[in-house]
Amino acid sequence: MEARTEYKEDVVEVKVFLVEDLARMRFLLDDLFASLGGIRVVAVSTTEAEARLWLDENHGEWDVAVLDLVLEQGGGMNLIRHCKQVPLGGRVVVFSSFATPGVRRHCLELGADAVFDKGETAAFIGFFDDLKKQENAGP
């Protein structure tokens, strides 16, 4: 997959599109990504419709979409397939409190690259650490 990221002092920055309706969780994730370094939230949507519009208007502007499954309006499950159909789309990661084994399996079948329960923070961080290493490994 071709890197669609910005270069800053020879370090590839991973661009995240975040779909999360809870303000507290948005702030926590933004702080988490900032603390990890090399990861930047480029846009945030709080509803399914808003996320679809952003995805349709911003081809190639994101490397990873982080989706919550339960939104105040709409759902992240519907966005998984949409993300995968967008030209120049990136990886899709589900980060939800509802990631039961059955839900996890269904998300992967829809095309999610990874699914994490919000209690699996260490594994979620590990996914992004691995991704940064891959993106910065060079050609």
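Look a little higher up for the structure.
**Let's talk about the pairing of strand E6 (residues 114-117)**
Then, in step 1: Judged from the four bridges that link them, strand E5 (residues 91-96) and E6 form a sheet pairing that is parallel. Bridge pairing in E6 links phenylalanine 95 to phenylalanine 116.
Then, in step 2: Note that the unit made of E5, helix H4 (residues 101-110) and E6 has a crossover that is right-handed.

**Looking at the environment of serine 96**
Then, in step 1: If you trace the backbone, serine 96 turns up in strand E5.
Then, in step 2: For serine 96, a relative accessible area of 0% translates into the label buried.
Then, in step 3: A C-alpha to C-alpha distance of 9.5 Å links serine 96 and valine 66, two positions 30 residues apart in sequence.
Then, in step 4: When sequence neighbours within four positions are dropped, the list of residues in contact with serine 96 reads Asp68, Leu69, Phe116, Asp117 and Lys118.
Then, in step 5: At 3.1 Å, the side chain of serine 96 and the backbone nitrogen of phenylalanine 98 are in polar contact.

**Concerning the packing of aromatic side chains**
Then, in step 1: Evaluated as defined, the whole model comprises eight aromatic pairs.
Then, in step 2: Between phenylalanine 33 and phenylalanine 124, the aromatic rings sit 6.1 Å apart at their centres with planes inclined by 45°, giving tilted as the arrangement. Remark: phenylalanine 124 occurs in helix H5 (residues 121-135) and phenylalanine 33 occurs in helix H1 (residues 23-36); sequence separation between them is 91 residues.
Then, in step 3: Overall, phenylalanine 33 belongs to the buried group, its relative accessible area being 0%.
Then, in step 4: Each ring, one from phenylalanine 116 and one from phenylalanine 127, has its centre 6.0 Å from the other, and the planes form 65°; the classification is edge-to-face.

**Some thoughts on the pattern of salt bridges**
Then, in step 1: With the rule as written, the count across this model stands at seven salt bridges.
Then, in step 2: Taking the shortest distance from any N to any O, the salt bridge between lysine 118 and aspartate 68 comes out at 3.4 Å. With lysine 118 in the loop between E6 and H5 and aspartate 68 in the loop between strand E4 (64-67) and helix H3 (76-85), this pair connects stretches of sequence that are 50 residues apart. Here lysine 118 and aspartate 68 have matching classes, each one buried.

**Description of unusual backbone geometry**
Then, in step 1: Within the chain, leucine 88 stands out as a residue other than glycine whose phi angle is a positive 60°.
Then, in step 2: Its relative accessible area of 56% is what places leucine 88 among the exposed residues.

**Points about the packing of helix H2 (residues 48-57) against H3**
Axis angle and axis distance: for two packed helices, these are the angle between their axes and the distance between the axes, and together they describe the pair.
Then, in step 1: Between H2 and H3, the least distance of the axes is 10 Å, while the angle of their chain directions is 5°. One element, H2, and the other, H3, form an angle in the roughly parallel class. Every residue of H3 that contacts H2 at Glu48, Ala51, Arg52, Leu55 and Asp56 is listed here: Asn78, Leu79, His82 and Cys83.
Then, in step 2: Looking at the contact of H2 with H3 residue by residue, the classes come out as four nonpolar, two polar and three charged.

Parameters at a glance
- Residues numbered from 1 in each chain as written.
- Predicted model: local features only at pLDDT ≥ 70, side-chain atom pairs only at ≥ 80, totals over all residues.
- Heavy atoms only, no water.
- Pairing = 2+ DSSP bridges.
- Helix = DSSP H or I, 4+ residues; strand = E, 2+ residues; numbered from the N terminus.
- Right-handed = clockwise from strand over helix to strand, strands pointing away.
- Buried < 20%, exposed > 50% of the residue type's maximum accessible area, 1.4 Å probe, protein only.
- Contact = heavy atoms within 4.5 Å.
- Polar contact = N/O pair within 3.5 Å; in protein donor to acceptor, adjacent residues only side chain to side chain.
- Phe/Tyr/Trp six-rings, centres within 6.5 Å; stacked < 30°, edge-to-face > 60°.
- Salt bridge = Lys/Arg side-chain N within 4 Å of Asp/Glu carboxyl O.
- Axes fitted to C-alpha atoms, helices over the stretch in contact; angles between N-to-C directions.
- Parallel < 35°, antiparallel > 145°, perpendicular 65-115°, else oblique.
- Nonpolar A, V, L, I, M, F, W, Y, C, P; charged D, E, K, R; others polar.

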